[in-house]
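# Architecture at a glance
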Amino acid sequence: MSTYRVASIPGDGIGVDVQREACKVLDTAAQRFGFGLEWTEFDWSCERYAETGAMMPADGIATLRSFDAVLLGAIGFPGVPDHVSLWGLLIPVRRAFEQYVNLRPVRLLPGTTSALAGRGADELEMVIVRENSEGEYSEVGGRHNAGRPGEFVLQESVFTRVGVERVVRYAFELARTRQRRVCSATKSNGIIHTMPFWDEIFAEVAAEYPDVEAEQMHIDALAARMVQRPDLLDVVVGSNLFGDILSDLAAAVTGGLGMAPSGNLNPEGEFPSMFEAVHGSAPDIAGQGIANPVAQILAAAMMLDQLGEKAAGEAVRGAVQSVLAASEVLTPDLGGGATTAELGSAVAEAL
Ligand code: NAI
Ligand code: MG
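If you're wondering where the values come from, they're calculated on a predicted model, not measured in any experiment.

### Looking at the UniProt feature "domain: Isopropylmalate dehydrogenase-like" (unreviewed entry) in the protein
- UniProt's feature table lists "domain: Isopropylmalate dehydrogenase-like" (unreviewed entry) at residues 5-347, given in the numbering used throughout.
- Between the end C-alpha atoms of residues 5-347 the distance is 23 Å, and the span holds 41% helix and 20% strand.

Next comes the structure, spelled out in structure tokens:
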């Protein structure tokens, strides 16, 4: 029997609630499919930051290194600035473990109403490949003349040939397992150095995949297409910032943020990959027990795929779909009256 060692970081706010349900469902999957899951929980969070001045211990990365995967709830809480929580935990993990792909599958699940009502599940099924290690999320820059009339800030983007090429290549490889279409998000009309460079490398890699249809669109037009003609999209690849924005938009045109999973992947498997919902810690509903756990459960299913338990991952997705299709146990964001725990338990039972 294979046993996987998984680091669990519930984090803040609803991260804690949805993580509990995801673990419940995965333990059920492990039992049913005959593998072991050994969870180790870490209290790394904004609460820990408030007590100790650090989101995680100094040797946090080294600690996580020995795990097969990381399942993360959500990080962020009012009182701790967002850049502190992001740069104190999430971004260091993504970078230290070369999780250069952020994979965000988007599909219209049964029982959910799209902002694009009337579209069928086959017309709304895409995946967003977000560059996850460089780009616009950079520490290069600074604030000058602070507090004086001439005060100004500079924020530089960092795009490397290696970084762009590997994520674009991942998108083309992924497209070969799907509808063989890749759309690249660009803005080379307005952003004159980094985006033409991105486009150039996209064209180079595209030439190696003549069997995959490649196109590029400016991010604004692509945002509009995602709402008006999502059926034209299959794999969408974008920089760190563009991929981040597009994936929230994509979540919004399907069932909302409570439904959207993501994986921070180190495709080579040299380091642990990390799985999390697209949403944050939702302080506005934290502590009420009504967060939708589906996104986190689907993120946990992606983790099973990556661990090599594809049948179990598929079964978890199937259980989510059957619970949603029955429309009996739904959280308030889906128009129901169920709690986080009730929806999580329903999925575990269906499994
Ligand atoms: P958010 O995703 O936490 O919430 C946005 C809206 O969606 C809120 O109205 C919330 O109630 C709703 N929502 C989110 N997840 C839901 C769920 N599972 N079920 C039902 N409703 C849900 O984004 P926001 O408000 O911008 O950020 C809140 C905090 O989370 C901030 O501190 C931010 O930095 C952090 N954050 C952390 C992320 C991470 O850990 N990867 C990602 C995004 C934000
Ligand atoms: Mg986001």
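Alright, that's what it looks like, and here's the rest.
### Considerations on the site of ligand 1
- Neighbouring ligand 1 are 21 residues; Ile75, Asp82, Gly280, Ala282 and Asp284 lie closest to it.
- With respect to ligand 1, the backbone of Ile75 contributes an N or O atom lying 2.8 Å from an oxygen atom.
- One nitrogen or oxygen atom from the main chain of Ser281 is found 3.1 Å from an oxygen atom belonging to ligand 1.
- Per-class residue counts for the shell around ligand 1 are 11 nonpolar, six polar and four charged.

### Quick look at empty space enclosed by the protein
- For the structure shown, the criterion picks out one cavity of 30 Å³ or more.
- Approximately 50 Å³ is the volume attributed to the largest cavity.
- Around the largest cavity, the lining residues are Arg181, Val182, Cys183, Glu213, Ala214, Glu215, Leu232, Leu233 and Asp234.
- Those elements that provide at least two residues to the lining of the largest cavity are strand E8 (181-186) and strand E9 (213-218).
- Counted by class, the lining of the largest cavity contains five nonpolar, no polar and four charged residues.

### Observations concerning the layout of surface pockets
- Of the pockets and cavities examined, the largest pocket occupies roughly 850 Å³.
- Along the wall of the largest pocket there are 30 residues; nearest its centre are Leu103, Pro105, Met302, Asp305 and Arg317.
- Counting residues per element, the ones that place at least two in the lining of the largest pocket are strand E4 (101-107), strand E5 (125-131), helix H5 (161-176), helix H8 (240-253), strand E11 (261-265), helix H9 (294-307) and helix H10 (310-326).
- Element by element, the count of residues in the lining of the largest pocket is highest for E4, at five residues.
- Class assignment for the residues of the lining of the largest pocket results in 17 nonpolar, five polar and eight charged.
- Residue-level mapping places the lining of the largest pocket at the junction of two domains, with at least three residues from each of domain 1 (1-99 + 269-351) and domain 2 (114-254).
- Taken as a whole, the second largest pocket holds about 510 Å³ of empty space.
- Lining the second largest pocket are 25 residues, and of these Ile75, Leu86, Val278, His279 and Gly280 lie nearest its centre.
- Counting only elements with at least two residues in the lining of the second largest pocket, the list comes to strand E3 (69-74), helix H4 (82-96), H8 and strand E12 (273-277).
- The element best represented in the lining of the second largest pocket is H4, accounting for five residues.
- Split into classes, the residues belonging to the lining of the second largest pocket amount to 13 nonpolar, five polar and seven charged.

### Focus on the domain arrangement of the protein
- Considered domain by domain, the protein is made up of domain 1 (1-99 + 269-351) and domain 2 (114-254).
- Taking the mean C-alpha position of each, domain 1 and domain 2 sit 25 Å from one another.
- Facing the six residues of domain 1 at the interface are 10 residues of domain 2.
- Carbon and sulfur atoms supply 46% of the area that domain 1 and domain 2 bury against each other, a total of about 710 Å² over both sides.
- For the domain 1 face of the interface with domain 2, the top three residues by lost area are Trp87, Arg94 and Arg95, together amounting to 59%.
- On the surface where domain 1 and domain 2 come into contact, there are one salt bridge.
- Residues Arg166 and Glu98 are paired through a salt bridge, measuring 3.3 Å at the closest nitrogen-oxygen approach.
- Between domain 1 and domain 2 we count four residue pairs in polar contact (both at pLDDT 80 or more) in total.

### Regarding the sheet that holds E4
- The 10 strands are arranged E2-E1-E3-E12-E11-E4-E5-E10-E8-E9 in an open sheet whose pairing can be described as mixed. With one partner strand each, in any of the chains shown, strand E2 (36-41) and E9 form the two edges of the open sheet. On average, adjacent strands in this sheet sit at an angle of 25° to one another, irrespective of strand direction.
- Relative to E9, E8 is paired through six bridges, and the arrangement is parallel. From the neighbouring strand, Ser184 faces E9, where its bridge partner is Gln216.
- Helix H6 (residues 194-207) rests against E5, E8, E9 and strand E10 (235-238) of the sheet, and its axis sits at about 165° to E8.

### Some points on the pattern of salt bridges
- With the rule as written, the count across this model stands at 24 salt bridges.
- Ionic pairing is found between Glu208 and Arg169, a salt bridge with its closest N-O pair at 2.8 Å. With Glu208 in the loop between H6 and E9 and Arg169 in helix H5, this pair connects stretches of sequence that are 39 residues apart.
- By relative accessible area, Glu208 is classed as partly exposed at 45%.
- For Arg169, a relative accessible area of 25% translates into the label partly exposed.
- A cluster of three or more residues bridged by salt bridges with shared partners is formed by Arg107, Glu125, Arg178 and Asp234.

### Notes on H10
- Compared with an ideal rise of 1.5 Å per residue, which puts 17 residues at 24 Å, H10 spans 24 Å between its outermost C-alpha atoms and is within 8% of the ideal.
- For H10, every residue scored as buried is listed here: Ala312, Gly313, Ala315, Val316, Arg317, Ala319, Val320, Val323 and Leu324.
- On its buried face, H10 is in contact with helix H1 (14-33), H9 and helix H11 (340-350).
- One or two residues past the end of H10 sits Ser327, with phi positive at roughly 55°.

The rules behind the values
Residues numbered from 1 in each chain as written. Chains lettered and ligands numbered in written order. Predicted model: local features only at pLDDT ≥ 70, side-chain atom pairs only at ≥ 80, totals over all residues. Heavy atoms only, no water. UniProt positions renumbered as here; feature names shortened; annotations may be inferred. Helix = DSSP H or I, 4+ residues; strand = E, 2+ residues; numbered from the N terminus. Near = heavy atom within 4 Å. Polar contact = N/O pair within 3.5 Å; in protein donor to acceptor, adjacent residues only side chain to side chain. Nonpolar A, V, L, I, M, F, W, Y, C, P; charged D, E, K, R; others polar. 1 Å grid on protein atoms, 1.4 Å probe; cavity = no way out; pocket = protein on both sides within 12 Å on 5 of 7 lines; lining within 4 Å. Points joined across faces, edges and corners; volume = space filled by probe spheres on them. Domains from an automatic or database assignment. Contact = heavy atoms within 4.5 Å. Buried area = accessible area lost by both parts, 1.4 Å probe. Salt bridge = Lys/Arg side-chain N within 4 Å of Asp/Glu carboxyl O. Pairing = 2+ DSSP bridges. Axes fitted to C-alpha atoms, helices over the stretch in contact; angles between N-to-C directions. Buried < 20%, exposed > 50% of the residue type's maximum accessible area, 1.4 Å probe, protein only. Expected span 1.5 Å × (residues − 1).

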